[in-house]
Amino acid sequence: MSERAQTTIDFAVGASVFLLTVAFAFSFVPGLITPFASGQESAPAVSNRVADDLVQQDLAVEGDPYTLREPLNFDGPTLDVPPLMDANVTLTNESGRIASRGPTPPSDASTSGAWRVVSYQGDHADLRVTVW
């Protein structure tokens, strides 16, 4: 009777677990690094930050965020967008577009947007920030 264990099966199981772990690491790690590889901020974060800045500070009535002051001046505030990104800001209400600033966004899926419901001239309006 042999005192030896089943080394062939043990080796095969160990090698399989090791190879699966290495394959998982090679497929998973690049996905962790990708958002930081380009050197740019994420477009959703930029669009949300710009929308918040506009409706809470730059275009808002002092002491009353989400209420836009009149007359509306889109040319006044500087949009805090990274150099390689473009942004469009549009204010609309039920009857249509009130004001817009920036180039027209492309129609493909590479844009990211944020919108805020605001009060303008006593009515509800939508402020939409699109970044690409």
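As the structure is a computational prediction, the values presented were derived from the model and not from experiment.

**Focus: helix α2 (residues 43–58)**
Spacing of three or four residues puts side chains on the same side of an α-helix, whose turn is 3.6 residues.
Here is step 1 of the chain: Three or more residues of α2 are buried, namely Ala43, Val46, Ser47, Val50, Ala51, Leu54 and Val55. Seen along its axis, α2 keeps its buried residues to an arc of 145°; they face one direction.
Here is step 2 of the chain: Residues of α2 that are buried sit in contact with β1 (60–61), β2 (64–68), β3 (87–93), β5 (112–120) and β6 (123–131).

**Remarks on the pairing of β6**
Side-chain positions along a regular strand alternate between the two faces of the sheet.
Here is step 1 of the chain: Sheet topology note: the β3/β6 ladder contains six bridges and is antiparallel. Looking at the pairing, Thr92 lines up with Asp126 of β6.
Here is step 2 of the chain: Bridging between β5 and β6 involves nine bridges; their strand directions are antiparallel. Residue pairing across strands places Tyr120 opposite Asp123, the latter belonging to β6.

**Topic: the environment of Ser112**
Here is step 1 of the chain: Relative to the helices and strands, Ser112 is located in strand β5.
Here is step 2 of the chain: Note on Ser112: relative accessible area 12%, which makes it buried.
Here is step 3 of the chain: With 19 residues separating them along the chain, Ser112 and Val131 place their C-alpha atoms 5.3 Å apart.
Here is step 4 of the chain: Those residues in contact with Ser112 that lie beyond four places of it in its chain are Ala43, Pro44, Ser47, Val129, Thr130 and Val131.

**Things to note about unusual backbone geometry**
Here is step 1 of the chain: Backbone torsion omega between Glu70 and Pro71 reads -10°, so that peptide bond is classified as cis.
Here is step 2 of the chain: Within the element layout of this structure, Pro71 appears in the loop between β2 and β3.
Here is step 3 of the chain: Unusually for a residue other than glycine, Tyr66 sits at a positive phi of about 70°.
Here is step 4 of the chain: Here Tyr66 lies in strand β2.

About the cut-offs
Residues numbered from 1 in each chain as written. Predicted model: local features only at pLDDT ≥ 70, side-chain atom pairs only at ≥ 80, totals over all residues. Heavy atoms only, no water. Buried < 20%, exposed > 50% of the residue type's maximum accessible area, 1.4 Å probe, protein only. Helix = DSSP H or I, 4+ residues; strand = E, 2+ residues; numbered from the N terminus. Arc of directions from axis to C-beta. Contact = heavy atoms within 4.5 Å. Pairing = 2+ DSSP bridges.

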